[in-house]
Amino acid sequence: MIKTEKVLHLKSSRGRKVRVVREHYVRERVPCYSSLCQADCDNDGKVLPGDLTHYVVPDVGVVVDYQEILEIRELQGIVFTQTACQAVHHCKGRRQYNRLRNLLKDPRHDCVLFANEFQEFSFCLRDNGESQEQWQTRCVYSAAVWYYNHLAGMMDVVMITEDQDIIAQYSNLHSGVYVISVQEKESECTEREFSDHLPAEVLEAGIKSGRYIQGTLNVNKHRAQTEASVRTEGLSNKNTELSSEVLVYGSKNRNRAVHGDMVVVELLPKSEWRGKVSSLTKGQLEKNGEDIQSKRMPTGSIVGILQRNWRDYVVTFPTRESTQSQSRNSQRILTVPWDYRIPKIRISTQQADALQDHRVVVRIDSWEGTSLYPNGHNVRVLGRAGELETEIQTILIENCIHVPPFSDAQLKEMPLNSPEKPWKVDPARVAERRDLRESHLVFSIDPVGCEDVDDTLSVRSLAGGKLLELGVHIADVTHFVSEGSLTDLEAQARATTYYLADRRYDMLPAILSADLCSLLGGVDRYAMSLLWELDAQTLAVNNVWYGRTIIRSSYQLHYELAQTLLNGEQAEVPELTQLNSSERDAKLAQLTQALEILTHVARHLRAQRDQGGALELEGVEVHAQLDNEKNITALVPCQPLEIHETVAECMIYANHWVARKIQETFPHQALLRHHPPPRQEFFTLLVDSAKSRGFTIDTRSNKALSESLDQAVDLQDPLLNRLLRMMATQAMSQALYFSTGAISQDQYYHYGLALDRYTHFTSPIRRYADMVVHRLLTAAIAVEKGQSPAKALATNKELDELAHHINKKNRAAQQAQKASTELFQCLYFKERDPHTDQCCVADAVIYAIRDNGVLAFVPLYGTKGPVYLKSREGQVLSVGQDGRCEWQSGSVRRYSDHITTTSLIGTTTFTLFNHITVRICVQSSRCHPDSVNLELVGNRPHLSTTLHQTPSHGRSQLVQEVVRLAEGATQQAQEKASWRPELSKEEQEFCQSKSPNLYLLLEEIRELSLMDLEYAATA
């Protein structure tokens, strides 16, 4: 070991530069982590394979700027140097550094860390006058040379950089060590399009002083060229005029920031403040100077970017005619992103002609101040635009959802269960668990055809009827998935099961989700159980027991069957069909009594929450219809059944009590879920809309809001209350996971459920948060018994970072679900002639007024959209006495609760919550997602005689048709196989579940909604 000195130039808390000299020790033997090592290095943990063509050593600039690319699992043989990792910590901060550390720990990624600054022959002292960047480059190159020599030339080493000068300096110094660039050298342009970003130290000082404002950039997808806003974070400016966001108008003021970036904004003078445009806008088209603005708001310009949010983007290459106007000879093409909010990206390619009309994944590399557009590079081709599989993959990529098939290594961790060797309960585990197989009547209640049963219930009388015991039993997933295993890491990365309209991507392998963890009827299963001992009269809780159990579900009921039994009607229970009549009647009476007691308890639980202010808002009320082969044939609106609420209340009750248990045991490191109260300004639309119909909405508390919504009922139009509840849902803040050590206890409250503590415990098969809570509950039980937890718990900081990750993935799942639904809606209407097909004409309800039209909701298909009353040419839509609509010259005037159009025909009024008739058509886009458009047909209700009937036929027909179209697309794809390239293995296996359970899709929509009420049982 050799002692040397390391000189560091640091900053003090007051901003002074301080020169620090530290002792530094280097040694000859430092692990190389390569399987080709002949020097017997102490390579514990991951090692790089020896069957690669080369190892990759990225320099500091590449690691700092392209970390997201280096995280792609397909990249192999990457050697991160200690020098580069320290630079990430210094330049990008602790969070990005921890992300890099987690990448190095993850066994699924083929990369290692080389401590080059402690290796005697790769360590480089910094020369006098040498800049830090030059020294860092020399350190990384020295490490690359050491690797090549250490492995005796058996593996070439490639150092990648984005600096052409580094290539010129180092590329010819050592054979076997190659230095290449990740960028093409571009012709320099001296004319600046944007102002320079301020240095980091200036931004930091400005934020502290209140001169600058920090926040996340949110681009308006309807006016992406001109309008964006910055959601402010922790305003230190005491100016009371500042709201929660600052408007950024125009591309110059946006200053090369991209949607999602963490930016710093400087406010413009008040004379330059402006308001958001309040008129409807078609796509990306903008009017010049004619748009009516809302109230002026703080407006600013971006002076710096703290953190880029660049990701993979799906783009479409322009047509040949469009590219001819670009620099065709240089093959630098402006591609159009699928997401309206992202600017065009300049790509250098030799395949521009071949890639026309294709969706391509690209990544942004840089955006210089001299260019109007960012530069990027091609990652991979998805397929031809418009094809179903291409569009589905586009949705996944745009939402950063990566769901490859489970690897062989992950599947090897799974228990065996085959006809030859069926899985059985381990006798050794029986002694460790409470056996409920003979003592408790356990049953599940789920939708028809449900395969992955998360939860079961039990209820029984004790002490001669004086006491009741209520039981909730949840699949014990963590018994099969060990913390830190490959399966656990994959589940953590996914965080949730992703549900799309035609498929699902499971969080866990099917052997667990649909078999060994599913609490199916008649088989032994491991469970995590809660048993409440209740007073039979008052239903007060006397005692609660938490623990691991073994159960055998006696009945696998579906909702309709359970409700029929609850109503005292005759029904056939499959599990009882083989019994004689007397035995069947006895068991049926026992089951019916259990359902009645369960419902009685649930009513009491719901009444308690209602008293506290629990909200009941508008949710998705549909279920899947399956044929004999379990293929989806239709979506049919659910008829509200009391049994739905019964199961939901039991699940909410279990989640609440588990939250109490883990929070009391681990007050600073428990994973809970809270729902912050919404901001009062978000209720403006709801309050004003209700007021126009004579209703008063009190938003001072959740209880006041709930009571107001219950009273806002129009007996002549039941849709009014539904729309008001939808507006209330939109005003809600988002329910989020958090670590109890990260926020104060007064912020634990769940506004929607009216509970002081809440978490997710009841769906571990499809939510990683529930798996974390199961482990916390297991540890809490051990602590209660005086034992130490089997494994050290995550710290508050680690748990907080995990909560942020899960929240991010949940938002992605919600957005992908929404985009998938909209895609299938467009598929349904796209093949129909809107002028001749009666399915394209429907009743709609006006729920918002804009300057040039209205927003309407179509209950038949559950879709919303704008209805324009004024065209871009200035004509207005007027309705004659015969009810026909015509475009004529005229004017539009907007009021608080209605809008009028005046022309030669006369004046037509459209009032809030009025029913109108609309024609549904699809606006196709070559580069962007298609969208559903609504055109006004008449200002009267459509088919008024059936106005209040349940709209089951239209929705069912829509989904049946979409399924037919999808099957037709598959058949066409097979017919074109002779000329169309075959899908890769990953693409063929992209849909991991043959028969998706749409119940879970609908449940996920419900739970990922802004409100997160959980009014249906988790399954």
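Anyway, here's the lowdown on the structure attached to this text. For clarity, every value in this text was computed on a predicted model and none was experimentally measured.

**Thoughts on the overall build of the protein chain**
Logical step 1: A tally of helices and strands in the protein chain yields 26 helices and 39 strands.
Logical step 2: The buried share of the protein chain, taken over its 1019 residues, is 51%.
Logical step 3: Here the contacts in the protein chain between residues at least 6 apart in sequence split such that 68% fall between residues at least 24 apart.
Logical step 4: Entry remark: accessible area of the protein chain is about 47300 Å², with carbon and sulfur atoms responsible for 48%.

**Remarks on the packing of helix α17 (residues 581–612) against helix α18 (residues 642–665)**
Logical step 1: Two elements in contact, α17 and α18, have axes separated by 8 Å at closest approach and are oriented at 65°. Here α17 is positioned roughly perpendicular relative to α18, judged by the angle of their axes. As α17 runs across α18, the sense of the crossing is left-handed. Between α17 and α18, the residues in contact are Leu595, Leu598, Thr599, Ala602, Arg603, Leu605, Arg606 and Arg609 and Glu642, Ile643, Glu645, Thr646, Glu649, Cys650, Ile652 and Tyr653, respectively.

**Some words on the pairing of strand β29 (residues 671–674)**
Logical step 1: Here β29 shows a buried face lined by Leu671 and Arg673 and a second buried face lined by Leu672 and His674.
Logical step 2: In terms of strand pairing, β29 meets strand β30 (residues 736–739) through 4 bridges, oriented antiparallel. The residue bridging Leu672 from the neighbouring strand is Phe738, located in β30.

**So, the pattern of salt bridges**
Logical step 1: This structure, assessed with the given rule, holds 51 salt bridges.
Logical step 2: A salt bridge links Arg525 to Asp515; its shortest N-O distance comes to 3.5 Å. With Arg525 in strand β24 (residues 524–535) and Asp515 in helix α15 (residues 510–516), the pair connects residues that are 10 residues apart, well separated along the chain.
Logical step 3: The closest approach of N and O atoms between Asp930 and Lys830, which form a salt bridge, is 2.8 Å. Of the two residues, Asp930 is situated in the loop between β38 (915–923) and β39 (931–938) and Lys830 in helix α23 (residues 796–830); the sequence distance between them amounts to 100 residues.
Logical step 4: A relative accessible area of 40% places Lys830 in the partly exposed class.
Logical step 5: Among the ionic contacts, a cluster of salt bridges with common partners joins Arg73, Asp106, Arg108, Glu490 and Arg494.

**Concerning the pairing of strand β20 (residues 455–462)**
Logical step 1: Where strand β19 (residues 442–446) lies against β20, 2 bridges are found, and the strand directions are antiparallel. From the neighbouring strand, Val442 faces β20, where its bridge partner is Ser458.
Logical step 2: The pairing of β20 with strand β21 (residues 467–475) spans 8 bridges and is classified as antiparallel. Within β21, the residue paired with Thr456 across the bridge is His473.
Logical step 3: Counted between consecutive antiparallel strands, the loop separating β20 from β21 contains 4 residues, among which Ala463 sits at a positive phi close to 55°.

**Regarding the sheet that holds strand β13 (residues 312–316)**
Logical step 1: Here 5 strands make up a closed barrel; going around it, the order is β13-β14-β15-β17-β16 and the pairing mixed. Sheet twist, expressed as the mean angle between neighbouring strand axes with direction ignored, is 55°.
Logical step 2: Pairing of strand β16 (residues 358–366) with strand β17 (residues 375–384) involves 8 bridges; the strand directions are antiparallel. Across the sheet, residue Ser366 finds its bridge partner in β17, namely Asn375.
Logical step 3: In this fold helix α10 (residues 388–398) packs onto β13, β16 and β17, with an angle of close to 145° to the strand it touches most, β17.

**Re helix α4 (residues 94–105)**
Each full turn of the α-helix corresponds to 3.6 residues, which orients residues three or four apart in the same direction.
Logical step 1: Helix length check: α4 (12 residues) gives 16 Å between terminal C-alpha atoms against 16 Å at 1.5 Å per residue, within 8%.
Logical step 2: Three or more residues of α4 are buried, namely Gln96, Tyr97, Asn98, Leu100, Leu103 and Leu104.

**Examining the packing of aromatic side chains**
Each aromatic ring pair is described using two quantities: the centre-to-centre distance and the angle formed by the ring planes.
Logical step 1: With the rule as written, the count across this model stands at 15 aromatic pairs.
Logical step 2: Measuring from ring centre to ring centre gives 5.2 Å for Phe114 and Tyr147, while their planes differ by 80°; the resulting arrangement is edge-to-face. One end of the pair, Phe114, is in strand β5 (residues 110–114); the other, Tyr147, is in helix α5 (residues 132–150), and 33 residues separate them in sequence. Judged on exposure class, the residue Phe114 and its partner Tyr147 are both buried.
Logical step 3: Where Tyr141 meets Tyr170, the ring centres are 4.7 Å apart and the plane angle is 40°; that geometry is what we call tilted. Here the residue Tyr141 occupies a position in helix α5, and Tyr170 occupies one in helix α6 (residues 164–170), the gap between them amounting to 29 residues. Across the pair, exposure class does not vary: Tyr141 and Tyr170 are buried alike.
Logical step 4: By the ring-pair criterion, three or more aromatic residues cluster together here, those being Tyr55, Phe114, Trp146 and Tyr147.
Logical step 5: The ring of Phe194 carries the charged tip of Lys252 above its face, separated from the ring centre by 5.3 Å.
Logical step 6: In this structure, Arg494 is placed above the aromatic ring of Phe406, and the distance from its NZ or CZ to the ring centre is 4.3 Å.

**Regarding the nonpolar core**
Logical step 1: Counting residues in each nonpolar core, the largest one holds 89 residues, and the members touching the most others are Phe443, Ile445, Trp532, Leu557, Leu595, Leu671 and Phe761.
Logical step 2: If near-sequence neighbours (up to four positions away) are discounted, Phe761 is found in contact with Ile474, Met528, Leu530, Ala654, Asn655, Val658, Asp770, Val773, His774 and Leu777.
Logical step 3: In this structure, Ala842, Ile849, Ala856 and Val932 belong to the second largest nonpolar core, which totals 54 residues.

**Remarks on the sheet that holds β19**
Sheet strands line up and pair through hydrogen bonds in the backbone, either parallel or antiparallel.
Logical step 1: Spatial strand order, β18-β25-β24-β21-β20-β19-β26: 7 strands in an open sheet with mixed pairing. In this open sheet, the two edge strands, each paired with only one partner strand, are β18 (434–435) and β26 (555–558).
Logical step 2: Here 11 bridges tie β24 to strand β25 (residues 541–552), and the two strands are oriented antiparallel to one another. Across the sheet, residue Leu531 finds its bridge partner in β25, namely Trp545.

**Some remarks on the packing of helix α14 (residues 486–494) against helix α22 (residues 768–784)**
Logical step 1: The N-to-C vectors of α14 and α22 enclose an angle of 125°; their axes lie 9 Å apart at closest approach. Compared by their axis directions, α14 and α22 come out oblique. In contact with Asp488, Ala491 and Gln492 of α14, α22 contributes Tyr768, Met771 and Arg775.
Logical step 2: Here the contact of α14 with α22 is composed, by residue class, of 3 nonpolar, 1 polar and 2 charged.

About the thresholds
- Residues numbered from 1 in each chain as written.
- Predicted model: local features only at pLDDT ≥ 70, side-chain atom pairs only at ≥ 80, totals over all residues.
- Heavy atoms only, no water.
- Helix = DSSP H or I, 4+ residues; strand = E, 2+ residues; numbered from the N terminus.
- Buried < 20%, exposed > 50% of the residue type's maximum accessible area, 1.4 Å probe, protein only.
- Contact = heavy atoms within 4.5 Å.
- Areas by Shrake-Rupley, 256 points an atom, 1.4 Å probe, with all protein chains shown as cover.
- Axes fitted to C-alpha atoms, helices over the stretch in contact; angles between N-to-C directions.
- Parallel < 35°, antiparallel > 145°, perpendicular 65-115°, else oblique.
- Left-handed = near helix turned anticlockwise from the far one by under 90°.
- Pairing = 2+ DSSP bridges.
- Salt bridge = Lys/Arg side-chain N within 4 Å of Asp/Glu carboxyl O.
- Expected span 1.5 Å × (residues − 1).
- Phe/Tyr/Trp six-rings, centres within 6.5 Å; stacked < 30°, edge-to-face > 60°.
- Lys NZ or Arg CZ within 6 Å of the ring centre and 35° of its normal.
- Core = buried A, V, L, I, M, F, W, Y, C linked by side-chain atoms within 4.5 Å.
- Nonpolar A, V, L, I, M, F, W, Y, C, P; charged D, E, K, R; others polar.

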